[in-house]
Each structure stands twice: as C-alpha cells, then as structure tokens.
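This is what each chain is made of:
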Amino acid sequence: MLHDIQVWLVNNIIAHSPVAGLMRTAWAWPIVESIHFLGLCLLIGCIGTFDLRLLGMAKRVPIAAMHRLIPWGILGFVINASSGVMFLLTEPDQYIYNPSFHFKFLFITIGGLNAATFYLSSYRQVFSANASLNPPRRAKVIAAVSLTAWVSVIICGRMLTFYRPAPCNGQQSTILLECAPPLERATR
Amino acid sequence: MNIDPFLIWLESTALSQWVVGSESMFAFPGILAIHAIGMGFAVGICLALDLRILGVAPDVQIAQMRKFIPVVWVAFWVNAISGVLLLIGYPTKALTNPVFYLKLLLIAAGLVLFRRIGRRVFDEAAGDARADSPVVQRLAIVSLVCWVGAITAGRFLAYTYHRLTALG
C-alpha cells in the first residue's frame with residue numbers, strides 16, 4: 001500500500017516536475033543547497049536559542065522578548081521546506097526511497113507537533129504579563145525535545161547521501177520501500 | 001611550490017584512510033553531520049545577534065545575548081576539529097581549490113566581526129544604545145554577508161574541486 005504510493009509519487013513527480021529543468025541548469029543545485037544551509041542556520045539560531053532560553057540560558061531575558069526571534073526561525077523553516085521540495089521534485093527517487101529521508105521527515109513532524117504542543121499547552125503561562133522568568137517544567141521538556149528534533153533533522157539530512165537507495169533486485173522492504181524499483185519511462 | 005609529496009603522505013596516513021575509507025557511520029558521514037550541527041549553532045547564533053542589532057526582538061537587552069557566546073565558541077571549536085578531520089580525509093580536494101581559502105577567509109572575517117560587535121554591545125549599561133549606532137549596524141550587515149558567503153563557499157567545495165586525491 002505505502003509502497004504503491006511511493007512508486008506512484010516518484011513516477012508522477014518525474015513525469016510532471018515543474019522545477020527539474022531549472023534545478024538541472026548549471027549551479028542551480030549548489031545554490032539551492034547553500035540556501036538550504038542558510039535556512040538551517042536561521043532555524044537553529046532563532047528557534048534553538050529560544051529553546052536554550054527556556055532551558056535556563058540568558059535567564060534575565062524575558063521569554064516573550066526572546067520569542068520575537070521565532071518568526072525568523074520560522075522563515076528559516078519555510079526557506080528549507082521550499083528548497084527541500086525543489087530537491088525532492090528534481091530527484092524524487094533519491095528521497096522517497098531513502099531511509100534517511102524517512103527519518104528526516106519523522107523528525108520534522110516531531111519538531112512541528114512539539115512546537116504546536118508548546119503553543120497549546122504553555123503559551124499563557126510563559127507569555128502572560130506576570131509570567132515568571134523561569135518557565136514551567138513542561139516548557140523545558142518541550143524545549144529539549146525541540147533541540148533534539150532539529151539536530152536529528154540535520155543529522156538525517158547529512159546522512160541522505162550515504163543511504164542512497166540501490167535498485168531493488170527482488171528484495172522487499174517492510175514498511176516503506178527503501179530501494180529503487182525501475183522507473184516508468186514516459187512514452188511520449 | 002609543489003605540495004604533492006605532502007598531500008600524498010597525508011593521504012597515506014591511517015587517520016586519513018579511516019576518515020575516507022571506514023565503513024563506520026562515525027567516520028566521514030558522522031564528521032560531516034557534526035560539522036553541519038556546529039555550523040547551525042555557531043553561524044545561527046551570530047545571525048541571531050546580527051538580526052537583534054538590526055532591530056529584530058528589540059525587547060531583548062542586547063548585553064544579555066552574551067550568555068550565548070560560549071555556545072558559539074564551543075560550536076566553532078567542534079567545527080574547527082571536525083573540519084580538520086575532513087581536511088585530513090581529503091587534503092588535495094580542499095587545498096588545491098581556491099574556494100576553500102575563500103571559505104576560511106570568510107569564517108575568519110565573521111569571527112573577527114563577532115568579537116568586534118561583542119566588544120561594543122555586550123555592555124550592560126551602554127549596549128542597547130551602541131547597537132543602534134551606524135558603525136555597529138554596518139558591522140552587523142557585513143557579518144551577515146560573511147556568513148552567507150562562508151556557507152555558500154563551503155557548499156560549493158563539493159562542486160568546484162579540480163582534484164579529489166593527490167594520486168587520483
């Protein structure tokens with residue numbers, strides 16, 4: 001079932017990709033990669049420092065003041081989601097069958113759900129006018145999970161190259177396809 | 001100056017061959033991952049400081065951001081060490097490529113700017129006012145440019161080298 005979706009995705013992306021032509025021009029790929037790394041730095045520099053603040057670093061800075069950096073961290077995430085999608089739409093089989101990409105996606109999801117949990121559970125306690133400079137323990141756990149998730153995303157991203165999917169040659173993966181079945185060539 | 005004998009020797013050392021040839025995920029892939037994490041924290045915090053100087057998060061007392069300096073330096077040294085290991089793995093690839101020297105230059109400039117900016121703004125009483133001065137604003141912009149350049153140069157190393165190994 002999931003295998004069929006993966007194969008369908010890869011073949012459809014290859015058949016209809018709007019950016020593959022652009023991405024295969026000279027230097028496009030390295031330029032988008034550089035932008036992806038810059039987004040990474042923005043995300044860690046703004047969201048990571050906010051997490052460190054929740055965990056007790058720079059204790060005298062009000063949390064609400066520090067939070068003003070977060071939109072720039074989100075900008076980093078948006079830059080990376082967009083540039084990441086450009087890689088995916090150019091070489092879909094290199095990602096959709098890559099176990100490192102599956103884990104990267106998992107950690108991005110954890111990071112996102114974790115951030116949502118922060119705003120749903122701790123927003124009032126952390127941001128109210130009389131909020132303590134020391135956040136509740138729940139917020140600290142969320143900050144630790146956030147740091148761990150984003151660092152894991154970096155690790156998985158860097159590992160992509162080393163887990164490039166090999167041709168399937170008959171073996172069957174378990175949950176997700178982790179090898180590359182032959183591509184359906186367009187018959188146009 | 002022909003540095004090939006040195007490169008050939010370096011590539012023949014056990015450490016170089018471990019970095020490049022080991023099956024272990026702690027060798028080349030692990031070192032690369034650590035290098036990327038270090039970049040995220042070192043460059044990321046420098047970017048956050050530059051953004052603060054340029055007007056983002058104005059309620060953060062800028063002198064308080066000095067509490068993050070140790071993170072920048074730990075991350076920098078993690079990257080200096082992981083970078084040297086990557087260099088020992090592929091010395092010819094880096095040392096015969098001008099882009100590598102450009103990357104080092106931009107990192108050096110970024111660090112000098114970080115210290116200069118810090119000397120001016122990490123002051124409890126006067127930091128916030130000094131951050132608004134045109135000099136510091138300019139330093140912050142140049143700092144942003146240096147870090148964007150260093151990241152781009154680093155990424156382009158994978159695409160601009162002329163020789164992978166001394167004997168290859």
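A brief report on the enclosed structure follows.

Reading guide: rules and limits
Residues numbered from 1 in each chain as written. Chains lettered and ligands numbered in written order. Predicted model: local features only at pLDDT ≥ 70, side-chain atom pairs only at ≥ 80, totals over all residues. Heavy atoms only, no water. Salt bridge = Lys/Arg side-chain N within 4 Å of Asp/Glu carboxyl O. Helix = DSSP H or I, 4+ residues; strand = E, 2+ residues; numbered from the N terminus. Buried < 20%, exposed > 50% of the residue type's maximum accessible area, 1.4 Å probe, protein only. Axes fitted to C-alpha atoms, helices over the stretch in contact; angles between N-to-C directions. Parallel < 35°, antiparallel > 145°, perpendicular 65-115°, else oblique. Left-handed = near helix turned anticlockwise from the far one by under 90°. Contact = heavy atoms within 4.5 Å. Nonpolar A, V, L, I, M, F, W, Y, C, P; charged D, E, K, R; others polar. Buried area = accessible area lost by both parts, 1.4 Å probe. Polar contact = N/O pair within 3.5 Å; in protein donor to acceptor, adjacent residues only side chain to side chain. Expected span 1.5 Å × (residues − 1). Core = buried A, V, L, I, M, F, W, Y, C linked by side-chain atoms within 4.5 Å.

## Some details on the pattern of salt bridges
Next, step 1: For the structure shown, the criterion picks out five salt bridges over all chains.
Next, step 2: A salt bridge links Arg 68 of chain A to Asp 59 of chain B; its shortest N-O distance comes to 3.5 Å. With Arg 68 of chain A in the loop between α4 (63-66) and α5 (70-90) and Asp 59 of chain B in the loop between α3 (28-53) and α4 (69-89), the pair connects residues from two separate chains.
Next, step 3: Using a relative accessible area of 51% as the deciding quantity, one classes Asp 59 of chain B as exposed.
Next, step 4: Taking the shortest distance from any N to any O, the salt bridge between Asp 128 of chain B and Arg 52 of chain B comes out at 3.5 Å. Placement of Asp 128 of chain B in helix α7 (residues 127-131) and of Arg 52 of chain B in helix α3 is noted, with a sequence separation of 76 residues between them.
Next, step 5: Exposure remark for Asp 128 of chain B: the relative accessible area of 32% places this residue in the partly exposed category.

## Looking at the packing of α3 of chain B against helix α6 (residues 98-121) of chain B
Residues and elements named next belong to chain B.
Next, step 1: Here α3 crosses α6 at 45°, and the two axes come no closer than 11 Å. By the angle class used here, α3 and α6 are oblique. Here α3 runs over α6; the crossing is left-handed. Residues His 35, Cys 46, Leu 49, Asp 50 and Ile 53 of α3 pack against Lys 103, Phe 114 and Ile 117 of α6.
Next, step 2: Class assignment of the residues belonging to the contact of α3 with α6 gives a composition of five nonpolar, one polar and two charged.

## Here's the deal with the interface of chain B and chain A
When the parts of a complex come together, some accessible area is lost, and that lost area is often used as the size of the interface.
Next, step 1: Across the boundary between the two partners, chain B contributes 34 residues, which contact 33 residues of chain A.
Next, step 2: Note on chain B versus chain A: buried area summed over both sides is about 3300 Å², and carbon and sulfur give 82% of it.
Next, step 3: Across the pair Glu 33 of chain A and Arg 155 of chain B runs a salt bridge, and its minimum N-O distance is 2.5 Å.
Next, step 4: Remark: the boundary between chain B and chain A carries three residue pairs in polar contact (both at pLDDT 80 or more).
Next, step 5: Broken down by secondary-structure element, the contributors of at least two residues to the side of chain B that touches chain A are α3 and α8 (134-160) of chain B.

## Description of the side chain of Gln 64 of chain B
Next, step 1: With respect to the helices, strands and loops of the structure, Gln 64 of chain B is situated in the loop between α3 and α4.
Next, step 2: Judged by relative accessible area, which is 1%, Gln 64 of chain B ranks as buried.

## Some words on α6 of chain B
Residue and element names in this part refer to chain B.
Next, step 1: The end-to-end C-alpha distance of α6 is 35 Å, a good match for the 34 Å that 24 residues give at a rise of 1.5 Å each.
Next, step 2: Here α6 has its buried residues at Val 99, Phe 100, Lys 103, Leu 106, Gly 110, Leu 111, Leu 113, Phe 114, Ile 117, Gly 118 and Val 121.
Next, step 3: The inward-facing, buried residues of α6 abut α3, α4, α5 (91-95), α7 and α8.
Next, step 4: At the N-terminal end of α6, a side-chain oxygen is found 3.0 Å from the backbone nitrogen of Val 99, two or three residues along, and the residue is Asn 97.

## What to know about the nonpolar core
Next, step 1: Counting residues in hydrophobic clusters, the biggest one holds 66 residues, and the most contacted among them are Phe 50 and Phe 118 of chain A together with Phe 41, Leu 49 and Ile 53 of chain B.
Next, step 2: Those elements that provide at least two residues to this core are α3 (28-54), α4, α8 (123-127) and α9 (137-159) of chain A together with α3, α4, α6 and α8 of chain B.
Next, step 3: The leading source of residues in this core is α3 of chain B, at 13 residues.
Next, step 4: Beyond its immediate sequence surroundings of up to four residues, Phe 41 of chain B is in contact with Ile 44, Leu 147 and Val 151 of chain A together with Val 71 and Ala 75 of chain B.
Next, step 5: Counting 17 residues, the second-largest nonpolar core is a separate cluster that includes Trp 29, Leu 88, Tyr 95 and Tyr 97 of chain A.

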